[in-house]
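Chain by chain, the residues:
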Amino acid sequence: QVQLAESGGGLVQAGGSLRLSCASSGRTFSMYAMGWFRQAPGKEREFVAAISRSGGDTYYADSVKGRFTIFRDNAKNTVYLQMNSLKPEDTAVYYCAADNTPLTRTRAALYDDWGQGTQVTVSS
């Protein structure tokens, strides 16, 4: 089990950028694939991006492909989500999650541990 804490959310204008961070307190961070998910008001939690244990494999939702980048620093026990060209429809609470598997998976139910979330609001 790992404890996760997101940071970096905030209010930004459309077209702007934000970088989210997710820090893990566990010593086994490199054993987990990591994912970012988001949930807008009245909507289900949806997959955003995932990264493998080593960082060599990444996967993105079509809605963010080409605009968002997921990467990790295992020495710092941290995974990041760089978000560029933000749109109002990106507004949501963003969560990071840990998956004790070598796979990059998109289903939220498969992830083992979750952070508390960080709010991202994109104004038009």
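Residues numbered from 1 in each chain as written. Predicted model: local features only at pLDDT ≥ 70, side-chain atom pairs only at ≥ 80, totals over all residues. Heavy atoms only, no water.

**Let's talk about the overall build of the protein**
Then step 1. Scanning the protein from N- to C-terminus turns up zero helices and eleven strands.
Then step 2. Along the protein, from the amino end to the carboxyl end, the secondary structure elements read β-β-β-β-β-β-β-β-β-β-β.
Then step 3. Against the globule reference of 14 Å for 124 residues, the protein gives a C-alpha radius of gyration of 13 Å, in line with a compact fold.
Then step 4. By principal-axis analysis of the C-alpha atoms, the protein measures approximately 40 × 25 × 25 Å.
Then step 5. Relative to its full complement of 124 residues, the protein shows a buried share of 46%.
Then step 6. Considering only residue pairs separated by 6 or more positions, the protein has 59% of its internal contacts joining residues 24 or more positions apart.
Then step 7. Here the protein has roughly 6,200 Å² of accessible surface; of this, 46% comes from carbon and sulfur atoms.
Then step 8. Across the protein, 13 positive and 11 negative side-chain charges occur, with their mean positions spaced 3 Å apart. (Helix = DSSP H or I, 4+ residues; strand = E, 2+ residues; numbered from the N terminus. Rg over C-alpha atoms; globule rule 2.2 N^0.38 Å. Buried < 20%, exposed > 50% of the residue type's maximum accessible area, 1.4 Å probe, protein only. Contact = heavy atoms within 4.5 Å. Areas by Shrake-Rupley, 256 points an atom, 1.4 Å probe, with all protein chains shown as cover. Lys, Arg positive; Asp, Glu negative; His and termini not counted. Charge placed at Lys NZ, Arg CZ, Asp CG, Glu CD.)

**Structural notes on the nonpolar core**
Then step 1. Residues Met34, Trp36, Leu81, Met83 and Tyr94 are the most contacted members of the largest nonpolar core, which totals 34 residues.
Then step 2. Those elements that place two or more of their residues in this core are strand S3 (18-24), strand S4 (33-39), strand S5 (46-51), strand S7 (68-73), strand S8 (78-83), strand S9 (92-99) and strand S11 (118-123).
Then step 3. Leaving out residues up to four positions away in the same chain, Leu81 has contacts with Leu18, Arg19, Leu20, Trp36, Val48, Ala49, Phe68, Thr69, Ile70 and Tyr94. (Core = buried A, V, L, I, M, F, W, Y, C linked by side-chain atoms within 4.5 Å.)

**Some points on the pattern of salt bridges**
Then step 1. A complete count under the given rule lists five salt bridges for this structure.
Then step 2. Between Arg38 and Asp90 there is a salt bridge; the shortest N-O distance is 2.9 Å. With Arg38 in strand S4 and Asp90 in the loop between S8 and S9, this residue pair connects regions lying 52 residues apart in the sequence. You'll find Arg38 and Asp90 in the same group, each marked buried.
Then step 3. Arg67 is the partner of Asp90 in a salt bridge, and the nearest nitrogen-oxygen pair spans 2.7 Å. Placement of Asp90 in the loop between S8 and S9 and of Arg67 in the loop between strand S6 (58-60) and S7 is noted, with a sequence separation of 23 residues between them. (Salt bridge = Lys/Arg side-chain N within 4 Å of Asp/Glu carboxyl O.)

**Some thoughts on the side chain of Arg72**
Then step 1. Within the element layout of this structure, Arg72 appears in strand S7.
Then step 2. One buried charged residue, Arg72, remains without a salt bridge, the closest side chain of opposite sign being Asp73 at 8.3 Å.
Then step 3. A distance of 2.8 Å separates a polar atom in the side chain of Arg72 from the backbone oxygen of Tyr32.
Then step 4. Within the structure, the side chain of Arg72 is placed 2.7 Å from the side chain of Asn74, a separation counted as a polar contact. (Polar contact = N/O pair within 3.5 Å; in protein donor to acceptor, adjacent residues only side chain to side chain.)

**Side note on the pairing of S7**
Then step 1. Of the two faces of S7, only the one carrying Phe68, Ile70 and Arg72 is buried; Thr69, Phe71 and Asp73 on the other face are not.
Then step 2. The pairing of S7 with S8 spans six bridges and is antiparallel. Looking across to S8, one finds that Phe71 is bridged to Tyr80.
Then step 3. Connecting S7 to the antiparallel partner S8 that follows it, the hairpin turn spans four residues, and Asn77 within it adopts a positive phi of roughly 55 degrees. (Pairing = 2+ DSSP bridges.)

**Some remarks on the layout of surface pockets**
Over the atoms rolls a probe the size of a water molecule, and its path tells where empty space is left.
Then step 1. The space that makes up the largest pocket amounts to roughly 160 Å³.
Then step 2. Lining the largest pocket we find Arg38, Gln39, Ala40, Lys43, Glu44, Glu46, Glu89, Asp90, Thr91 and Ala92.
Then step 3. Residues belonging to the lining of the largest pocket are distributed by class as follows: two nonpolar, two polar and six charged. (1 Å grid on protein atoms, 1.4 Å probe; cavity = no way out; pocket = protein on both sides within 12 Å on 5 of 7 lines; lining within 4 Å. Points joined across faces, edges and corners; volume = space filled by probe spheres on them. Nonpolar A, V, L, I, M, F, W, Y, C, P; charged D, E, K, R; others polar.)

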